[in-house]
Amino acid sequence: MNTTGKVFKYGDNVNTDVIIPARYLNDASAENLRAHAMEDIDPDFAKNVKPGDVIVGGFNFGSGSSREHAPLAIKASGVSLVIAKSFARIFFRNAVNIGLLTVESAQMADEIAKNDVLSVENGKIKDITTGKSYDLPPIDDYVKNILESGGLMEAVKKNEG
């Protein structure tokens, strides 16, 4: 994955109800999820996020219910990568299943600031704003196949033929 985008930064315990409020779950279309993503924590997120942007969070990102809508809302917003100190396990798994790259790194979460511009290329994350570079942690081949295919269902389809 090669991409460049601006950082949206949030704190600890960003739960799935904050990522996509339950009141919007009657319509699971990408357009609806995008329009209301992060609305309760960042009312301007939907109008400011651009394809390739990055979310950086603290500990326990994606906690709460196991709904797949949370990573879907983030992906529908155009976010290419979520970096956090730690992820709730079900959020992490759902993110992989829908093809959203997540990176667990306390160092990056601490050092990367809101509105920094990151470039992701050839296994490296470069903070263009500060000049710091980080290696992407190794990704298991199975997970890499899912992410490169655009999600679990696409990987299964690809491997059936």
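Relevant structure appears above.
Here the structure is a predicted model, which means the values were calculated and not measured. (Residues numbered from 1 in each chain as written. Predicted model: local features only at pLDDT ≥ 70, side-chain atom pairs only at ≥ 80, totals over all residues. Heavy atoms only, no water.)

1. Considering the pairing of strand S6 (residues 124-127)
- A one-sided burial pattern is seen for S6, the buried positions being Ile125 and Asp127 and the unburied ones Lys124 and Lys126.
- Bridging between strand S5 (residues 117-121) and S6 involves four bridges; their strand directions are antiparallel. Each bridged residue has a counterpart across the sheet, and for Glu121 the counterpart in S6 is Lys124.
- Between S5 and the antiparallel strand that follows it, S6, lie two residues; Asn122 among them carries a positive phi value of about 50°.
- Inspection of the sheet shows S6 paired to strand S7 (residues 133-135) by three bridges, in the antiparallel sense. Bridge pairing in S7 links Lys126 to Ser133.
- The hairpin turn running from S6 into S7, its antiparallel successor, is five residues long, and Gly131 in that turn takes a positive phi close to 85°. (Buried < 20%, exposed > 50% of the residue type's maximum accessible area, 1.4 Å probe, protein only. Helix = DSSP H or I, 4+ residues; strand = E, 2+ residues; numbered from the N terminus. Pairing = 2+ DSSP bridges.)

2. Quick notes on the packing of helix H7 (residues 141-149) against helix H8 (residues 152-160)
- At a minimum axis distance of 7 Å, the contact between H7 and H8 shows a crossing angle of 100°. Comparing their axes, H8 and H7 come out roughly perpendicular. Counting all contacts with H7, which are made through Tyr142, Asn145, Ile146 and Ser149, the residues of H8 involved are Leu152, Glu154, Ala155, Lys158 and Asn159.
- When grouped by side-chain class, the residues that make up the contact of H7 with H8 number four nonpolar, three polar and two charged. (Axes fitted to C-alpha atoms, helices over the stretch in contact; angles between N-to-C directions. Parallel < 35°, antiparallel > 145°, perpendicular 65-115°, else oblique. Contact = heavy atoms within 4.5 Å. Nonpolar A, V, L, I, M, F, W, Y, C, P; charged D, E, K, R; others polar.)

3. Considering the environment of Lys50
- With respect to the helices, strands and loops of the structure, Lys50 is situated in the loop between helix H3 (45-48) and strand S2 (54-57).
- Judged by relative accessible area, Lys50 falls into the partly exposed class, the value being 47%.
- Sequence-distant contacts of Lys50, defined by excluding residues within four places in its chain, comprise Ser77 and Gly78.

4. Re the packing of aromatic side chains
- Within the structure shown, the criterion is met by five aromatic pairs.
- Ring centres of Phe87 and Phe92 lie 6.4 Å apart, and the angle between their planes is 45°; on these two criteria the pair is classed as tilted.
- Taking relative accessible area as the criterion, Phe92 reaches 22% and is therefore assigned partly exposed.
- An aromatic cluster of three or more residues is present, and its members are Phe61, Phe87, Phe91 and Phe92. (Phe/Tyr/Trp six-rings, centres within 6.5 Å; stacked < 30°, edge-to-face > 60°.)

5. Brief notes about the side chain of Thr102
- Checked against the element boundaries, Thr102 lands in strand S4 (residues 101-104).
- With a relative accessible area of 11%, Thr102 lands in the buried category.
- Beyond its immediate sequence surroundings of up to four residues, Thr102 is in contact with Val82, Phe87, Phe91, Phe92 and Ala95.

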